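Secondary and tertiary structure notes
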Amino acid sequence: MLTEKYKKLQSILREMESVVVAFSGGVDSTFLLKAAFDTLGADHVLAVTADSESYPSSELKEAKVLAEKMGVRHQIIETSELAIPGYAENNKNRCYFCKSSLFDHLIPVMEEKGFHNVIYGVIADDMNEFRPGMQAAKEKGIRGPLQEADLFKQEIRELSRTFNLPTWDKPSLACLSSRIAYGEFITKAKLTKVERAEEYIKSLHIRQVRVRTHEEIARIEVEPSDMGAILENHDLIVKKLQEYGYKYITLDLIGYQSGSMNKVLS
C-alpha cells in the first residue's frame, strides 16, 4: 500500500510539471521536496524557506544544509508574521493569517521563475486537526500533494527512512508562536524567550520539547520518557528559564501533545 501511495504522489507531482516547495526543513516538507526533486528533476523544483521571527534560527541552518545535500535549488525569503494585521493578537485564526501571508510571498516567486505550482507539506493527519492555514491554501490555489496522496505522518517517516533522509525520525516542528497561549499578544521578545528556553532544554539531550507560554508561566511538554531528565536537571532549567524571563516553571504531566494549545478552542 505504501508503494502505491508513493506512486500516486509521483503522479500528482508529474501532473504539476514544476513546483515551488514551501520548505521548513521538517519531516513533511523535506520528504515532499525529495519526492518532487526525484520525480521532476532539478530544473523543475525550487525550495523556498521563509526566515521570520517565529522560525527558529537553528531550523533555518538545518534547512540550508538539507537542501544543499539534496542538490536542490534553495531560496531564502524574509518575512515578518508580526507585521501581518491580526497575527500578533493571537486569536484562533492566527495560522490563517500566517499561511495566507506566506503564500502571498511564494506566488510571486513561482511566477517570476515560470513555475506552475506552489506546494506545501500538509498531510493526511492534518485533516482531523484544527488547521486554519488549510483554508488560506484553498483560497489561493496552493496544493498539498502529500495530503492528496493520503499519506500520513508515520508513512512519511517510513518512506523518509527508506530514502535515507536524516529527517525520518526528526521531532515534529511547529512555529514558535504556537507556544504562546491564544489571546496573549505575540511579541518578538516572547518568541525569542521561547526559542532560547527550548534550545537550552534540547541541549540536555531532550529531543522533543515545547515550552508553552502562559504569560509568566512556562509549561514544559516533553515525552513521558524524558520527564526524569527534566526533574534531574530541574535546578539548571529553573535558573535558565528565569533568566530568560519566566517567573514560574512547570512540567506538564500529560507530556508532549501536538497542538495542545487548541484544547481551549473546544
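Quantities reported herein were computed from a predicted structural model and do not represent experimental measurements.

If you check the domain split of the protein, you get domain 1 (2–163) and domain 2 (176–262). Contact residues are listed per partner, giving 16 residues for domain 1 and 17 residues for domain 2. Surface buried jointly by domain 1 and domain 2 totals about 1300 Å² across both partners, of which 51% is contributed by carbon and sulfur atoms. The largest contributions to the domain 1 side of the interface with domain 2 come from Glu53, Asn90 and Arg94, which together make up 35% of the buried area. Taken together, the connections running from domain 1 to domain 2 amount to zero salt bridges. Linking domain 1 to domain 2 there are nine residue pairs in polar contact (both at pLDDT 80 or more).

Remark on secondary structure: sheet strands pair via backbone hydrogen bonds, oriented parallel or antiparallel. The mixed open sheet is built from three strands, whose spatial order is E5-E6-E7. Pairing within the sheet leaves two strands with one partner each, and these edge strands are strand E5 (209–214) and strand E7 (248–251). Taken pair by pair, the neighbouring strands of this sheet meet at an average axis angle of 25°, ignoring direction. Here strand E6 (residues 217–222) runs beside E7; their pairing, made up of four bridges, is parallel. Bridge pairing in E7 places Arg219 opposite Thr250. Relative to E7, helix H10 (residues 234–244) is tilted by about 135°, and along the sheet it contacts E5, E6 and E7.

Rules used throughout
- Residues numbered from 1 in each chain as written.
- Predicted model: local features only at pLDDT ≥ 70, side-chain atom pairs only at ≥ 80, totals over all residues.
- Heavy atoms only, no water.
- Domains from an automatic or database assignment.
- Contact = heavy atoms within 4.5 Å.
- Buried area = accessible area lost by both parts, 1.4 Å probe.
- Salt bridge = Lys/Arg side-chain N within 4 Å of Asp/Glu carboxyl O.
- Polar contact = N/O pair within 3.5 Å; in protein donor to acceptor, adjacent residues only side chain to side chain.
- Pairing = 2+ DSSP bridges.
- Helix = DSSP H or I, 4+ residues; strand = E, 2+ residues; numbered from the N terminus.
- Axes fitted to C-alpha atoms, helices over the stretch in contact; angles between N-to-C directions.

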